[in-house]
Amino acid sequence: MDQKAINQLNADDDQKPVNQLKVNDRFEGYLLVRSSEQRYSPKGGPYLDLNLKDSSGEINCKVWERTVAPPPQGSVVKVTGQVQDFNGRLQMRITKIAQADGNSEVDLSRLVPAAPEKPESMLSKIEQAIDTFESEILKKIVREMLRLAGEKLQYYPAAMRMHHAERSGLLHHTTDMLAMADRVLICY
């Protein structure tokens, strides 16, 4: 999903987080597709096997007894379903599934982990740090690097796993390093 579509999505405050779902809960809301695959039961009936997630967790889901095109990994879907117990684990039986579009009402920060600050605030901190540089050449170089990174810097993670692996994680990491450098400067 491109940044323009992400910016068009709005909050959906009634959606229960995945990590709070319990057996027999009815769920209706937006989730991110981690994986999806068309499969066949031992009797030959088609079903869709999905792993869907929000920022709180992930749940395995099934769309039974019909052929549905598997939604692409990383896409957002709106689902309606009921949570069940399957071999001691939660699983959602989906009765409705639809691909979300740019007009859908969902806040992507609820679907993926995000930095604790808004990207605009973190960019402002970086700009303030650049303003303190004594070297005009260094200021120009760093500002050009920010320009080249462009809009992507506002949502890129710092890593795929562990270290600031979140929406706006690269900004989060950068501002953390700037704060650390400020504290180290006091000693030197």
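The structure under discussion appears in the preceding block.
Going along each chain's sequence as written, the residues are numbered from 1 onward. Where local features are concerned, this predicted model is filtered to residues with pLDDT of at least 70; where side-chain atom pairs are given and counted, the filter is 80 or more; whole-chain, interface and lining totals use all residues. As a rule here, side-chain values cover all heavy atoms of the structure and leave hydrogens and water aside.

Asker: Which parts of the structure should I look at to understand helix H3 (residues 136-149)?
Answerer: Helical geometry: 3.6 residues make up each α-helical turn, so side chains three or four residues apart lie on a common side. Numbered from the N terminus, helices here are DSSP runs of H or I no shorter than four residues, and strands are runs of E no shorter than two. Expected helix span is taken as 1.5 Å per residue step, with the number of steps being one fewer than the number of residues. When the terminal C-alpha atoms of H3 are compared, their 20 Å separation across 14 residues agrees well with the 20 Å that a helix rising 1.5 Å per residue should span. Phi for glycine 150, located one or two positions after H3, is positive at around 60°.

Asker: I'm lost on the layout of surface pockets in this one. Help?
Answerer: Any empty space left between the atoms is revealed when a probe the size of a water molecule rolls over them. The rule is simple: put a 1 Å grid over the protein atoms alone, call a set of points where a 1.4 Å probe fits but cannot get out a cavity, call an open set with protein on both sides within 12 Å along at least five of seven lines a pocket, and count a residue as lining if it has an atom within 4 Å of a point. Grid points are joined across faces, edges and corners, and a volume is the space filled by probe spheres set on the points. Roughly 840 Å³ of internal volume is contained in the largest pocket. Ranked by the residues each element gives to the lining of the largest pocket, the list is headed by strand S1 (residues 26-40), at three residues. Taken together, the residues of the lining of the largest pocket break down into 13 nonpolar, two polar and five charged. Each residue gets one of three labels, nonpolar for Ala, Val, Leu, Ile, Met, Phe, Trp, Tyr, Cys and Pro, charged for Asp, Glu, Lys and Arg, and polar for the others, Gly among them.

Asker: How should I be thinking about the nonpolar core in this particular structure?
Answerer: Inside soluble globular proteins, nonpolar side chains tend to come together where they are buried. Counting 17 residues, the largest nonpolar core has Leu52, Val79, Met92 and Ile94 as its most contacted members. Listing elements by their share of this core, those giving two or more residues are S1, strand S2 (46-54), strand S3 (57-63), strand S4 (76-86) and strand S5 (89-99). Contacts are assigned to residue pairs that have any heavy atoms within 4.5 Å of one another. Excluding residues within four positions of it along the chain, isoleucine 94 makes contact with Leu50, Leu52, Cys61, Lys62, Val63, Val79, Thr80 and Gly81. The term nonpolar core refers to a set of buried residues drawn from Ala, Val, Leu, Ile, Met, Phe, Trp, Tyr and Cys, joined through side-chain atoms within 4.5 Å. In this scheme, a residue with accessible area under 20% of its type's maximum is buried, one over 50% is exposed, and one in between is partly exposed, where area comes from a 1.4 Å probe on protein chains only.

Asker: Please explain helix H2 (residues 119-131) as it appears in this structure.
Answerer: Along its 13 residues, H2 runs 18 Å from first to last C-alpha, staying within 8% of the 18 Å computed at 1.5 Å per residue. Among all positions of H2, only Pro119, Met122, Ile126, Ala129 and Ile130 are buried. Buried residues along H2 cover an arc of 105° about the axis, so they all sit on one side. What the arc measures is the spread of directions leading from the helix axis to the C-beta atoms.

Asker: It is not clear to me how the packing of aromatic side chains should be interpreted in this structure. Could you clarify?
Answerer: The geometry of an aromatic ring pair is captured by the separation of the ring centres together with the interplanar angle, meaning the angle of the planes. Only rings of Phe, Tyr and Trp enter the pairing, Trp through its six-membered ring, and a pair is recorded when the two centres are within 6.5 Å. The plane angle decides the type: under 30 degrees is stacked, over 60 is edge-to-face, the rest tilted. Under the definition given, this model contains two aromatic pairs. Relative to tyrosine 156, the ring of tyrosine 155 lies with its centre 5.7 Å away and its plane at 85°, an arrangement referred to as edge-to-face. Judged by its relative accessible area of 22%, tyrosine 155 is partly exposed. The class of tyrosine 156 is partly exposed, set by a relative accessible area of 38%.

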